[in-house]
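An overview of the molecular structure
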Amino acid sequence: MQAGRLLKIDNLHAFYGKSHVLHGVSLEIRPGEIVSLLGRNGAGRSTTAKAMMGLVEAKGSIRFGDEELVGRKAYEIAHLGLGYVPENRDIFPKLSVHQNLMLGQKRGAKNPRWGFDDMYRMFPRLKERQYTEAGVLSGGEQQMLTLCRTLMGDPDLIIIDEPTEGLAPKIVELVAEYLKALKARGIAVLLVEQKLAIALEISQRCYVMGHGRIVFEGTPADLRANAYIRKEWLEV
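Below is a short write-up of the structure. Throughout this description, residue numbers start from 1 for each chain and increase along the sequence as written. Restriction of local features to residues with pLDDT of at least 70 applies here, the model being predicted, together with a cutoff of 80 or more for giving and counting side-chain atom pairs; totals for whole chains, interfaces and linings are based on all residues. Excluded from the side-chain calculation are hydrogens and water; included are all heavy atoms of the structure.

**Here we look at the overall build of the protein chain**
In plain terms, the rule: Under the DSSP-based scheme used, a helix requires at least four consecutive residues in state H or I and a strand at least two consecutive residues in state E, with every element numbered from the N terminus. Radius of gyration: over C-alpha atoms. The globule rule applied is 2.2 Å multiplied by the number of residues raised to the 0.38 power. A simple rule labels every residue: compare its accessible area, found with a 1.4 Å probe on the protein chains alone, to the largest value its type can have, and call it buried under 20%, exposed over 50%, or partly exposed in between. All accessibility values rest on the Shrake-Rupley procedure with a 1.4 Å probe; residue burial counts only the protein chains present in the view. Counted charges follow a simple rule, with Lys and Arg positive, Asp and Glu negative, and His plus the chain ends left uncounted. Note on charges: their place is set at NZ of Lys, CZ of Arg, CG of Asp or CD of Glu.
Counting its regular elements, the protein chain contains 10 helices and 10 strands. Taking 236 residues into account, the globule formula puts the C-alpha radius of gyration at 18 Å, and the protein chain, at 17 Å, falls close to it. A burial count over the protein chain gives 50% of its 236 residues as buried. Total accessible area on the protein chain stands at roughly 11,200 Å², and carbon and sulfur atoms take up 50% of it. With 32 positive and 28 negative side-chain charges, the protein chain shows a separation of 1 Å between the mean positions of the two kinds.

This is how it looks when you write it as structure tokens:
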């Protein structure tokens, strides 16, 4: 990977059929950095995440290290070292917690940074329920499981779409601690989020989207100081 930049998106356009959703999005993520992508519903945040994973039609450039991602299949992108935690959590409900984690492992990976012990140490609740069917877990537990299953693939960059949606405040705090733990192990995070509080607490940089475009880029301090951007593009 390049020393200064892990991922660079340049002039990205994305489409759902004839619907043109992203209009020239550009952003970058550096190694081991937490970056938040903020905006109201419909701003284009989730579409940006899906475009990065090859899940929607896209034009422009998404470079991950030395690799161009536009035009690649989702499984190829995952094998390059991108992990994706979708908003709908996508667990396998009839499989146990442990089996779900097993499915996240990347075959043939040598010396992965994460193992079952790491997951269970970070989230003791998952260890208690490791033989329980994932479908009976609470929403917060399912969110933990999805995050952990993605980590078992040992990504260099993890894209997390709305991880705190519908979760109790204590679980939101747990998720924030989890994301800081990822950064401590050198994993970069793109956090797609509506809640300003968690984004401002844990991010090094923030992007704000509106109408399929980036309308702001800066540090959390910059965003706190910019009342116009918050009112115009974030506050409901």
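**Observations regarding the sheet that holds strand S4 (residues 57-64)**
Note the following rule: Criterion used throughout: strands pair if DSSP finds at least two bridges between them. Should any heavy atoms of two residues lie within 4.5 Å, those residues are considered in contact. All axes are obtained by fitting lines to C-alpha atoms, using only the stretch in contact for helices, and the reported angles, taken between N-to-C directions, cover 0 to 180 degrees.
Strand order in the open sheet formed by four strands is S2-S1-S4-S5, with antiparallel pairing between adjacent strands. Each edge of the open sheet carries a strand with a single partner, namely strand S2 (19-29) and strand S5 (67-68). Looking at chain direction, strand S1 (residues 7-16) and S4 are connected through seven bridges and run antiparallel. Bridge pairing in S4 links Asp 10 to Ser 61. Against the sheet, helix H1 (residues 45-52) makes contact with S1, S2 and S4, and its axis sits at roughly 110° relative to S1, the strand it touches most.

**Structural notes on the packing of aromatic side chains**
Just so we agree on the cut-off: Aromatic pairing here means that ring centres of Phe, Tyr or Trp (its six-membered ring) are within 6.5 Å. Orientation follows from the plane angle: under 30 degrees is stacked, over 60 is edge-to-face, and everything else is tilted. We count a charge as sitting over a ring when the NZ of a lysine or the CZ of an arginine lies within 6 Å of the ring centre and within 35 degrees of the ring normal.
Per the counting criterion, the structure on display carries one aromatic pair. Directly above the ring of Trp 114 sits Arg 185, whose terminal nitrogen or CZ lies 4.2 Å from the centroid.

**Structural notes on the pairing of S2**
Looking at chain direction, S1 and S2 are connected through eight bridges and run antiparallel. Residue pairing across strands places Lys 8 opposite Glu 28, the latter belonging to S2. The hairpin turn running from S1 into S2, its antiparallel successor, is two residues long, and Gly 17 in that turn takes a positive phi close to 60°.

**Regarding the sheet that holds strand S10 (residues 213-218)**
Overall, mixed pairing links the six strands, which are arranged S6-S7-S8-S3-S9-S10 in an open sheet. If you trace the sheet from one side to the other, it starts and ends with strand S6 (82-85) and S10, each paired once. Taken over all neighbouring pairs, the strand axes of this sheet differ in orientation by 15° on average, direction set aside. With four bridges connecting them, strand S3 (residues 34-38) and strand S9 (residues 205-210) associate as parallel partners. Bridging across to S9, Leu 38 finds its partner in Val 208. Across the sheet, H1 is in contact with S3, S6, strand S7 (157-161), strand S8 (188-193) and S9; its angle to S8 comes to roughly 145°. On the sheet, helix H6 (residues 139-151) packs against S6 and S7 and is oriented at approximately 165° with respect to S6.

**Remarks on the side chain of Arg 45**
Quick note on the threshold: N or O atoms closer than or at 3.5 Å make up a polar contact, with two conditions inside protein: a donor-capable atom paired with an acceptor-capable one, and, for residues adjacent in sequence, both atoms drawn from side chains.
Examined against the element boundaries, Arg 45 turns out to sit in helix H1. Classification of Arg 45 as buried rests on a relative accessible area of 4%. Reaching out from Arg 45, the side chain makes a polar contact with the side chain of Glu 162 at a distance of 3.0 Å. Ignoring sequence-local partners within four residues, the contact set of Arg 45 consists of Leu 37, Leu 38, Gly 39, Arg 40, Glu 162, Val 192, Glu 193, Gln 194 and Met 209.

**A word on the nonpolar core**
Cut-off, in case you're wondering: Side-chain atoms within 4.5 Å link the members of a nonpolar core, which is a set of buried Ala, Val, Leu, Ile, Met, Phe, Trp, Tyr and Cys residues.
Ranked by internal contacts, the top residues of the largest apolar core, which has 33 residues, are Leu 179 and Leu 182. For this core, the elements supplying multiple residues, two or more each, are helix H3 (97-104), helix H4 (116-122), H6, S7, helix H7 (169-184), S8 and helix H8 (196-202). Here this core gets six residues from one element, more than from any other, and that element is H7. Not counting residues up to four positions away in its chain, the partners in contact with Leu 182 are Trp 114, Leu 151, Ile 158, Ile 187 and Val 189. Counting residues in hydrophobic clusters, the runner-up holds 32 residues, among them Leu 157, Ile 159, Ala 188 and Leu 190.

**Comments concerning the pattern of salt bridges**
Worth spelling out the cut-off: Here a salt bridge means any side-chain nitrogen of Lys or Arg lying within 4 Å of a carboxyl oxygen belonging to Asp or Glu.
What the rule picks out here adds up to 18 salt bridges. Here Arg 63 makes a salt bridge to Glu 68, at a shortest N to O gap of 3.8 Å. Owing to a relative accessible area of 25%, Glu 68 belongs among the partly exposed residues under this scheme. As a salt-bridge pair, Arg 113 and Asp 154 come within 3.0 Å of each other at their nearest N and O atoms. Of this pair, Arg 113 sits in the loop between H3 and H4 while Asp 154 sits in the loop between H6 and S7, placing them 41 residues apart in sequence. The class of Arg 113 is partly exposed, set by a relative accessible area of 28%. Judged by relative accessible area, Asp 154 falls into the buried class, the value being 16%. Salt bridges sharing common partners tie together Arg 5, Lys 8, Glu 28, Arg 30, Glu 33, Arg 205 and Glu 217.

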